[in-house]
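The residues making up each chain are set out below.
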Amino acid sequence: MDNPGITIVLLLITAVSLTCCIILWWRLTAQGKKAKAAHASNKKEHKEILTKTQAERRELKLLLNAFDDALVITNASGIIQVANEAAGKLCEGRKLRGKSISSTFLDHQICEHITKVINSGETSKQKIILSSSSFGKLNANQRNTIEESAWIIDYAPLPTTAINGNTTEPPLHRIILRNVTTEHRTDQVKREFVANASHELRTPLAIISGYLENLIDDDVLESPDVSRRILTTMRKHSERIALLIDEMLIISKLESGDAAQLNNEPFVLNETITTIIDRLSPLVQKQDATIAASYSPDQIRLIGDSFYWEQALFNIIENALKQNAQSPIHISINASVCSENNQVTIDITDNGKGIPSAHIPYIFNRFYRVQKHHSQNEVKGTGLGLSIVKHAIESHGGTIIATSRPGIETTFKIICPIGTERK
Ligand code: ADP
């Protein structure tokens, strides 16, 4: 390198190349940083979107599962796309997504109805009564083992835009299945009650109006004896109407299920029973019957509604007398308190004709009587007495059972908390 000119040129070239390299390196580094930053930001964005989607899904799932009612969404062919937990439970936890309606709800009535509404595409809400409550179960043997059940099938087509923003797709279908068995049974009970009550009220009314016609049309008024007999019978039947109305009102109050409606005051059971025995003493004397009461401890204090307690115990004791009008029966009342669990047990036993075992399961039902046919002059019981007893005891948190060996011993056993004062 003797030539300084060449040396300078070479130095210059080297310096320029180095500068270019540095600039390139700097640019590449800057670009790399930029790309890295962009990638990181993309990754963050993606992560955020993913988290948001997951949260939305969770919310949606929570929302769907918050429904007590079973909800399924199907496509146009009836294939389930979405089902909530309640729907899964109804079908014994089987996976429902991707399944057809017919393989999900095995009851043909339900399937037929759902298929029909899906095909019609028109919003509908219909009550369906099934002979079992297990329409979603796989095991056909389990069906029909449970009493009938009632369901509301609520159907509506869903606008698909709301789901995926694409209107050209066939609509989805939303089906809600609501179990209304309890309401259905309550309605049935109400209907039966009204039918029975009208029948029970109509019978004495018909008798009274028949006798009234006799009094008006015939010459019976001229015979004081016949008139008195007719008027006495009419009075008995009008008393029966009044009794029926009173008892129906008591039942309706007890059935309202509002415990706050009951008084919650301390009272002495011995005094209540003594009052009942006094009230019944004319009947006891007339029938030559005897009543003995024993208490352990000597005085039993309860807290509750003494009116309903008296009504319940009166009905049981009066029944024993009423049902054995021809025989001088003995009634024993044994009441004791168990201090360990603060429960009172009251056994009311008579040695009368008793109740045949086939009738025992039904005697607490409203309007149920073992002997259904009575003569017109003999006024039968209302059939509401034991129903009131059961409601009154249950309203106080207790239970009552009846056992009977006809002709030997019939016992009504009440077990009930002694009660605590309401705050
Ligand atoms: P009723 O108004 O007819 O007395 P209840 O509901 O009080 O109605 O009683 C239902 C039925 O239970 C009665 O019709 C009667 O046949 C039967 N029964 C209740 N208590 C006795 C008893 N101590 N002995 C025999 N039968 C009874």
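All of the points below concern the structure found in this document.

Thresholds applied
Residues numbered from 1 in each chain as written. Predicted model: local features only at pLDDT ≥ 70, side-chain atom pairs only at ≥ 80, totals over all residues. Heavy atoms only, no water. Patch = residues over 30% accessible without salt bridge, like charges linked within 9 Å, V, L, I, M, F, W, Y side chains within 5 Å. Areas by Shrake-Rupley, 256 points an atom, 1.4 Å probe, with all protein chains shown as cover. Salt bridge = Lys/Arg side-chain N within 4 Å of Asp/Glu carboxyl O. Lys, Arg positive; Asp, Glu negative; His and termini not counted. Charge placed at Lys NZ, Arg CZ, Asp CG, Glu CD. Helix = DSSP H or I, 4+ residues; strand = E, 2+ residues; numbered from the N terminus. Buried < 20%, exposed > 50% of the residue type's maximum accessible area, 1.4 Å probe, protein only. Pairing = 2+ DSSP bridges. Axes fitted to C-alpha atoms, helices over the stretch in contact; angles between N-to-C directions. Contact = heavy atoms within 4.5 Å. Near = heavy atom within 4 Å. Polar contact = N/O pair within 3.5 Å; in protein donor to acceptor, adjacent residues only side chain to side chain. Core = buried A, V, L, I, M, F, W, Y, C linked by side-chain atoms within 4.5 Å. Phe/Tyr/Trp six-rings, centres within 6.5 Å; stacked < 30°, edge-to-face > 60°.

A closer look at a negative patch on the surface
Here's step 1: Together, Glu213, Asp217, Asp218, Asp219 and Glu222 line one region of the surface with negative charge.
Here's step 2: With respect to the helices and strands, aspartate 217 occurs in helix H6 (residues 181-217).
Here's step 3: For aspartate 217, a relative accessible area of 56% corresponds to the exposed category.

A few points about the sheet that holds strand S7 (residues 290-296)
Here's step 1: The mixed open sheet is built from five strands, whose spatial order is S7-S9-S10-S12-S11. Among the strands making up the open sheet, the edge pair consists of S7 and strand S11 (399-405). Pairs of neighbouring strands in the sheet enclose a mean axial angle of 10°, with direction left out of account.
Here's step 2: The sheet strands contacting helix H9 (residues 306-322) are S7, strand S9 (330-338), strand S10 (343-350), S11 and strand S12 (409-417), and the helix crosses S10 at an angle near 20°.

Details of the pairing of strand S5 (residues 172-179)
Consecutive residues of a regular strand have side chains that alternate between opposite faces of the sheet.
Here's step 1: For S5, the tally of buried residues reaches six of eight residues, placing the bulk of the element in the interior.
Here's step 2: In this structure, strand S1 (residues 70-74) lies alongside S5, joined through five bridges in antiparallel fashion. Counted as the bridge partner of threonine 74 is histidine 173 from S5.
Here's step 3: As paired elements, strand S4 (residues 149-158) and S5 share eight bridges and run antiparallel to each other.

Comments concerning the site of the ligand
Here's step 1: Residues in close proximity to the ligand total 18 residues, the closest being Asn319, Asp350, Thr382, Gly383 and Leu386.
Here's step 2: Residue asparagine 319 places a side-chain N or O atom 2.8 Å away from an oxygen atom belonging to the ligand.
Here's step 3: Coverage of the ligand by the protein chains reaches 97% of its 530 Å² of free accessible surface.
Here's step 4: For the shell around the ligand, the secondary structure elements donating two or more residues are H9 and helix H10 (385-395).
Here's step 5: When residues in the shell around the ligand are grouped by element, the largest group, three residues, is from H9.

Remarks on the pattern of salt bridges
Here's step 1: Using the criterion set out here, one finds nine salt bridges in the structure.
Here's step 2: Residues arginine 228 and aspartate 225 are paired through a salt bridge, measuring 3.9 Å at the closest nitrogen-oxygen approach. With a gap of three residues between them, arginine 228 and aspartate 225 both fall in helix H7 (residues 224-255), about one helical turn apart. For the residue pair arginine 228 and aspartate 225, the accessibility class agrees, reading exposed in each case.
Here's step 3: A salt bridge links glutamate 310 to arginine 279, with the shortest nitrogen-to-oxygen separation between them at 2.8 Å. Here glutamate 310 is found in helix H9, whereas its partner arginine 279 is found in helix H8 (residues 269-287), with 31 residues between them in sequence.
Here's step 4: A relative accessible area of 46% places arginine 279 in the partly exposed class.
Here's step 5: Counted as one network, the salt bridges with shared partners bring together Glu200, Arg240 and Arg369.

Some remarks on the nonpolar core
Here's step 1: Ranked by internal contacts, the top residues of the largest apolar core, which has 50 residues, are Leu269, Trp309, Leu313, Ile346, Phe412 and Ile414.
Here's step 2: Sorting elements by how many residues they give to this core places H9 first, with nine residues.
Here's step 3: Filtering out sequence-adjacent residues up to four positions away, isoleucine 346 remains in contact with Leu269, Trp309, Leu313, Ile333, Asn334, Ala335, Phe412, Lys413 and Ile414.
Here's step 4: Core analysis: the next-biggest nonpolar cluster, separate from the first, contains 21 residues, Ala70, Cys111, Ile114 and Ile118 among them.

Some words on the packing of aromatic side chains
Here's step 1: Summed over the entire model, instances satisfying the criterion amount to five aromatic pairs.
Here's step 2: Taking the centre distance of 6.5 Å and the plane angle of 50° together, the rings of phenylalanine 267 and tryptophan 309 count as tilted. Within this pair, whereas phenylalanine 267 is found in strand S6 (residues 265-268), its partner tryptophan 309 is found in helix H9, the two being separated by 42 residues in sequence. Considered together, phenylalanine 267 and tryptophan 309 belong to a single accessibility category, that of buried residues.
Here's step 3: Both rings, one in tyrosine 362 and one in tyrosine 368, keep their centres 5.7 Å apart while their planes meet at 35°; by these two values the pair is tilted.
Here's step 4: Look at tyrosine 368 and you get partly exposed, because its relative accessible area is 22%.

Looking at the sheet that holds strand S3 (residues 124-130)
Here's step 1: Spatially, the five strands line up as an open sheet ordered S2-S1-S5-S4-S3, and their pairing is antiparallel. Strands at the two margins of the open sheet, each flanked by one partner only, are strand S2 (80-83) and S3. Within the sheet, the average angular offset between the axes of one strand and its neighbour, ignoring direction, is 25°.
Here's step 2: Two strands pair when backbone bridges link them, and S3 and S4 are joined in this way by seven bridges, in the antiparallel orientation. Following the sheet pairing, isoleucine 128 is matched in S4 by tryptophan 151.
Here's step 3: Against the sheet, H6 touches S3, S4 and S5, its axis set at about 130° to S4.

Re a positive patch on the surface
Here's step 1: Side chains of Arg57, Lys61, Lys95, Arg97 and Lys99 sit close together on the surface and give a patch of like positive charge.
Here's step 2: By relative accessible area, which is 62% here, arginine 57 ends up exposed.

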